[in-house]
Amino acid sequence: GSRYHTSKINKFDDVAMVESFGFRGEALSSLCALSTVEILTSSQPPLGNKLNFNSKGEIIGKSYISRAKGTTVTLIKLFENTPVRFQELKRHHKREFSKVVDCIYGYCLSRPSIRFAFQNTYMIKGSSQNHTNTLLQTSGSNCTRQVFSELFGSKTSGQLVDICFEIKLANSENEISILTVMGMMSKFVPFFNLLRPQPFHGRAENDRQFLFVNGYPIQMPKLSRMINQVYHEYNQSQYPMYSLCLEIPKDLFDRNVTPDKRTLILQLEEELVNSVSEELKSIFEPFRGVFQTKKSVTGQPVPKNKSTFLQHTIPKIIDNSKFSDQFKERIMTNHPKSIEVDLNVIRSQLEASTSSKHAQFKVDYSEGDILNQTISITKDKFKAMKIHGQFNLGFILASLDDHLFIIDQHASDEKFNYEQLKYKTPIKMQPLITPLKLNVPRQHEYLLEDYRESFKLIGFELEKLHEVWYLKTVPHVRDQILEISDFESILSHLSVSKNLDLSECPRIQRYNASKACRTSVMIGTALSLNKMQSIINNMGLCEQPWNCPHGRPTIRLLTKVICEQQCL
C-alpha cells in the first residue's frame, strides 16, 4: 500500500498496456492516508489473510482467517487524520454521498457481468441497532440494458434505443483507425396516450449520462456537450439518458492523467466528436416526424350508452366534410375546458352526415381502443391536411389520410415566428471604450484565428496583443447587448459543431422565444378558416415544427378515421 508502488509495470512502455482501473500505489495509499484500513482476502478458500495498514500504507498486522474467495476492504474512522476535511464531509454529506452513488452507477454499467450490491448502514437516533438499506443491486447478467433497468427502474428499458456504429479516423500520416461506439440512448419518438400524454423519453437533468472508453468510466466534456446539443435539436426541453462505450485503439489515448483515471488525453478528439455528431444525427433524423400511439390505460371500451368527457375519450370518426350544422357548431363555438356529451348523439349525427347516393361508409365506434401503431409525418404533409374546425378556441382539428390530429394554434404559430426571428436577426456593432480581455482556453485559441472574420460579421471584433485576445466590439441585437459570457458560450458551441451562429447564443434564444410567444396567436382567439390553414402551412416551412421554443408539442394524434367507400 505504499505510495507509487505497483506490480503492473516493469518499464515505462508498460503504462500503455495496463487494463485495470488503476494502481494500488494511488488507490490503496490514498485510503491508508485518510483512514484505518483493514483487508480480508482469500484466493484459495477457506484459507484467507487479514491485513492491517498504517497511514503510510505499511502492513502492521497480518493473520490467517477462514473466509470465502474474494476481498473485503474496510475503512475505519474515515478522515480521522484530516479534521478539516472531516468537518467538510459532515457539512456536505448528502452531496458527497450522491457523488459516491453516481460513481457506483458508472462501474455497474461498465462491468455488467459483475454483480454489485451497494448498502448503506446507519443508526437511527434513539436506537442502539444499526439499520441497513440496499441502495442498488445488479444481477451480473452481462446485459447492459438489464443493468440499466435494475439501477433506474424497469420503465427505462423501453425508453432507450440501441446505438452501434463505426467511425474511421485518419491522422496526419493518413493512417486509418477504426473506432466503435456501442450502447443505448433515449429515444426521440414521442408517445401519445389520450389519457396521459408523455411526449418524450428524456430527463429534466443530465444525471443519467455515462461514457466509457474500452470499458472504463471516463469524463469527456466535449463529447458529452455535443451529445446533449444533438439531442436538443430534436427535444429542446430535456436531456438524454445514455450509456455509450467507445472502443478505441490503445495508442490513441492516455488514461494516466489523474489518479482516478477518468480524465482522458485523446488524439483526434475533434474529429471523433464531429463524427459521432454526424452519426447520431443520421440515427435520429428519420424519427423527426414519427408519432406512436399506445393502448389506453384501462384497455376497456367505454359503454356506448354512457356519457363521457370529449377531451378524455374520442371515438373513431369519419373523414367526411358533410357534418351536420349542429355538430360543426359544437366544435367551432367556445366550449368550457371539459364538455360532457352524449356519444349516442354524436353517433347519430355522424351516421346522418354520411348519407349520400354516391357512397356508403362504415363507422367503428370502439371508443376505448387506441391503436398501437407508428405513424410517420413529414413536413411536406402539412399542406395536405384537411381542416375541420377549431376546438375550445385553442386547437385546430385537422385530418391527414385516415388520421385525425389536434394542433396547438399558439405553439405552432410561435414556432414559425421563432424561426423567422432566428434567421432574420438584425445585428449592430457596439464599440467598447476599453477592450475586454478574453480568458480563452488554449485549445480554443486556434478557433479565434480561423474564425476571426466570421466573428466580426456577427458583431464580435477581435484583437490580439502580446498573445492575449481582446474584444473591441460586441453585438447589439435589438435591445440585447451581448457580453463576454455570451461570447464564451458561442465559442464553446463552435468548438463542437464547427458552425458559427449567433442564434445559438442562449440569451438570444431566450429573447427570440419570448418575443415569438408574445407576437403569436393566443389561446382564446377565434380563427377563420384561412388563418387556420395559414398556421398549418407555416408548420411545413419550419425547420423543426414538432415543438415550440419552450418545448411544448405542437401536434398530437387523436384517433384513426375509419372510412370504407363503396361506389354504387
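Keep in mind that this is a model prediction, so the values were computed, not measured.

### Considering the overall build of the protein chain
Here comes step 1: Assigned secondary structure in the protein chain consists of 14 helices and 26 strands.
Here comes step 2: Relative to its 568 residues, the protein chain shows a buried fraction of 41%.
Here comes step 3: Taking the intrachain contacts of the protein chain between residues at least 6 apart in sequence as the baseline, contacts between residues at least 24 apart amount to 68%.

### Concerning unusual backbone geometry
Here comes step 1: The omega torsion across Pro-45 and Pro-46 is 10°, close enough to zero to call that bond cis.
Here comes step 2: Topologically, Pro-46 is positioned in the loop between strand 1 (36-44) and strand 2 (47-53).
Here comes step 3: Even without a glycine there, the phi angle at Asn-142 is positive, about 65°.
Here comes step 4: Given the relative accessible area of 55%, Asn-142 is considered exposed.

### Some thoughts on the packing of helix 9 (residues 409-423) against helix 14 (residues 529-539)
Here comes step 1: For the pair helix 9 and helix 14, the least separation of the axes is 9 Å and the interaxial angle reads 50°. Considered as vectors, helix 9 and helix 14 are oriented oblique to each other. In this structure, the crossing between helix 9 and helix 14 has a hand that is left-handed. Each of Gln-409, Ser-412, Asp-413 and Phe-416 in helix 9 lies in contact with helix 14, whose residues at this interface are Ile-535, Asn-538 and Met-539.
Here comes step 2: For the contact of helix 9 with helix 14, the class distribution of residues is three nonpolar, three polar and one charged.

### So, the sheet that holds strand 10 (residues 209-213)
Here comes step 1: Taking strand neighbours across the sheet as the criterion, the five strands line up as 7-8-12-10-11 in an open arrangement whose pairing is mixed. Both outer strands of the open sheet, strand 7 (160-170) and strand 11 (216-218), are each paired with one neighbouring strand and no more. Averaged over all adjacent pairs, the angle separating strand axes in this sheet is 25°, with direction ignored.
Here comes step 2: Across the sheet, helix 4 (residues 144-152) touches strand 7, strand 8 (176-186), strand 10 and strand 12 (242-247), and the angle it forms with strand 7 is around 125°.

### Points about the sheet that holds strand 3 (residues 59-66)
Here comes step 1: As summarised here, the arrangement of the four strands in space is 3-2-1-4, forming an open sheet in which the pairing is antiparallel. Edge positions in the open sheet fall to strand 3 and strand 4 (70-76), since each of these has one partner strand only. Strand-to-strand twist in this sheet, taken as the mean axis angle between neighbours without regard to direction, amounts to 15°.
Here comes step 2: In terms of strand pairing, strand 2 meets strand 3 through seven bridges, oriented antiparallel.

### Here's the deal with the layout of surface pockets
A probe matching the size of a water molecule, rolled over the atoms, marks out where space remains unfilled.
Here comes step 1: By volume, the second largest pocket is sized at about 1300 Å³.
Here comes step 2: Along the walls of the second largest pocket sit 41 residues, with Gln-229, His-232, Glu-233, Glu-504 and Gln-509 positioned nearest its centre.
Here comes step 3: Every element with two or more residues in the lining of the second largest pocket is listed here: helix 5 (221-232), helix 6 (269-284), helix 9, helix 12 (484-497) and helix 13 (506-518).
Here comes step 4: Taken together, the residues that form the lining of the second largest pocket break down as eleven nonpolar, 18 polar and twelve charged.

### Re the nonpolar core
Here comes step 1: By size, the foremost hydrophobic cluster in this structure holds 31 residues, and its most contacted members are Leu-211, Met-220, Leu-223, Ile-227, Leu-272 and Val-276.
Here comes step 2: Broken down by secondary-structure element, the contributors of at least two residues to this core are strand 7, strand 8, strand 10, helix 5, strand 12 and helix 6.
Here comes step 3: Excluding anything up to four places from it in sequence, Val-276 contacts Phe-165, Ile-167, Val-181, Leu-223 and Met-226.
Here comes step 4: Of all hydrophobic cores here, the second largest spans 21 residues; its members include Phe-455, Val-477, Phe-487 and Leu-502.

### Here we look at helix 5
Here comes step 1: If you check helix 5, its first and last C-alpha atoms are 16 Å apart, about what twelve residues at 1.5 Å a residue would give, namely 16 Å.
Here comes step 2: For helix 5, the full list of buried residues reads Lys-222, Leu-223, Ser-224, Met-226, Ile-227, Asn-228, Val-230 and Tyr-231.

### Points about the environment of Ala-398
Here comes step 1: One can find Ala-398 in strand 20 (residues 395-400).
Here comes step 2: Given a relative accessible area of 0%, Ala-398 falls into the buried group.
Here comes step 3: The sequence separation of Ala-398 and Ile-387 amounts to eleven residues, and the corresponding C-alpha distance is 4.3 Å.
Here comes step 4: Setting aside residues no more than four positions away along its own chain, Ala-398 makes contact with Met-385, Lys-386, Ile-387, His-388, His-403, Leu-404, Phe-405, Ile-407 and Ile-536.

### Remarks on the state of the cysteines
A covalent bond between the sulfur atoms of two cysteines is what we call a disulfide.
Here comes step 1: Scanning all chains against the criterion turns up zero disulfides.
Here comes step 2: Here Cys-103 is not cross-linked by a disulfide; its sulfur's nearest cysteine counterpart is in Cys-108, at 9.7 Å.
Here comes step 3: By relative accessible area, which is 28% here, Cys-103 ends up partly exposed.
Here comes step 4: The thiol sulfur of Cys-517 is not disulfide-bonded, and the nearest other cysteine sulfur, from Cys-548, lies at 7.8 Å.

### Looking at a nonpolar patch on the surface
Here comes step 1: Together, Val-73, Leu-75 and Leu-78 give the surface a local cluster of nonpolar side chains, amounting to about 220 Å² of exposed area.
Here comes step 2: Mapped onto the fold, Val-73 is located in strand 4.
Here comes step 3: According to the relative accessible area criterion, Val-73 is partly exposed, its value standing at 44%.

### Digging into the packing of aromatic side chains
Here comes step 1: Taken as a whole and assessed by the stated rule, the structure comprises eight aromatic pairs.
Here comes step 2: Plain terms: the ring middles of Phe-97 and Phe-118 are 6.2 Å apart, the flat faces sit at 25° to each other, and that makes the pair stacked. One end of the pair, Phe-97, is in helix 3 (residues 93-110); the other, Phe-118, is in strand 5 (residues 117-123), and 21 residues separate them in sequence.
Here comes step 3: Its relative accessible area of 33% is what places Phe-97 among the partly exposed residues.
Here comes step 4: Exposure remark for Phe-118: the relative accessible area of 16% places this residue in the buried category.

### Digging into the environment of Ser-186
Here comes step 1: Tracing the chain through its elements places Ser-186 in strand 8.
Here comes step 2: As for Ser-186 and Arg-203, which are separated by 17 residues in sequence, their C-alpha atoms are 9.1 Å apart.
Here comes step 3: Setting aside anything within four residues of it in sequence, one finds Ser-186 in contact with Gln-159, Leu-160, Val-161, His-201, Gly-202, Tyr-231, Pro-240, Met-241 and Phe-284.
Here comes step 4: Reaching out from Ser-186, the side chain makes a polar contact with the backbone nitrogen of Met-241 at a distance of 2.7 Å.

### Some remarks on the packing of helix 3 against helix 4
Here comes step 1: Contact geometry of helix 3 with helix 4 gives a least axis separation of 9 Å together with a crossing angle of 155°. On the basis of the axis angle, helix 3 is roughly antiparallel to helix 4. The interaxial crossing formed by helix 3 with helix 4 has right-handed handedness. Judged by residue contacts, Tyr-105, Cys-108 and Leu-109 of helix 3 engage Thr-144, Val-147, Phe-148, Leu-151 and Phe-152 from helix 4.
Here comes step 2: For the contact of helix 3 with helix 4, the residue count by class is seven nonpolar, one polar and no charged.

### A look at the pairing of strand 20
Consecutive side chains along a regular strand alternate between the two faces of the sheet.
Here comes step 1: Of all six residues in strand 20, five are buried, a share of seventy percent or more.
Here comes step 2: Looking at chain direction, strand 19 (residues 386-391) and strand 20 are connected through five bridges and run antiparallel. Each residue of the ladder has a partner; that of Ile-387, found in strand 20, is Ala-398.
Here comes step 3: As paired elements, strand 20 and strand 21 (residues 403-408) share six bridges and run antiparallel to each other. Across the sheet, residue Ala-398 finds its bridge partner in strand 21, namely Phe-405.
Here comes step 4: Hairpin geometry of strand 20 and strand 21 is characterised by an intervening segment of two residues between the two adjacent antiparallel strands and by a positive phi of about 55° at Asp-401.

Analysis parameters
Residues numbered from 1 in each chain as written. Predicted model: local features only at pLDDT ≥ 70, side-chain atom pairs only at ≥ 80, totals over all residues. Heavy atoms only, no water. Helix = DSSP H or I, 4+ residues; strand = E, 2+ residues; numbered from the N terminus. Buried < 20%, exposed > 50% of the residue type's maximum accessible area, 1.4 Å probe, protein only. Contact = heavy atoms within 4.5 Å. Axes fitted to C-alpha atoms, helices over the stretch in contact; angles between N-to-C directions. Parallel < 35°, antiparallel > 145°, perpendicular 65-115°, else oblique. Left-handed = near helix turned anticlockwise from the far one by under 90°. Nonpolar A, V, L, I, M, F, W, Y, C, P; charged D, E, K, R; others polar. Pairing = 2+ DSSP bridges. 1 Å grid on protein atoms, 1.4 Å probe; cavity = no way out; pocket = protein on both sides within 12 Å on 5 of 7 lines; lining within 4 Å. Points joined across faces, edges and corners; volume = space filled by probe spheres on them. Core = buried A, V, L, I, M, F, W, Y, C linked by side-chain atoms within 4.5 Å. Expected span 1.5 Å × (residues − 1). Disulfide = S-S within 2.5 Å. Patch = residues over 30% accessible without salt bridge, like charges linked within 9 Å, V, L, I, M, F, W, Y side chains within 5 Å. Areas by Shrake-Rupley, 256 points an atom, 1.4 Å probe, with all protein chains shown as cover. Salt bridge = Lys/Arg side-chain N within 4 Å of Asp/Glu carboxyl O. Phe/Tyr/Trp six-rings, centres within 6.5 Å; stacked < 30°, edge-to-face > 60°. Polar contact = N/O pair within 3.5 Å; in protein donor to acceptor, adjacent residues only side chain to side chain.

Read these as geometric descriptors, not functional statements.
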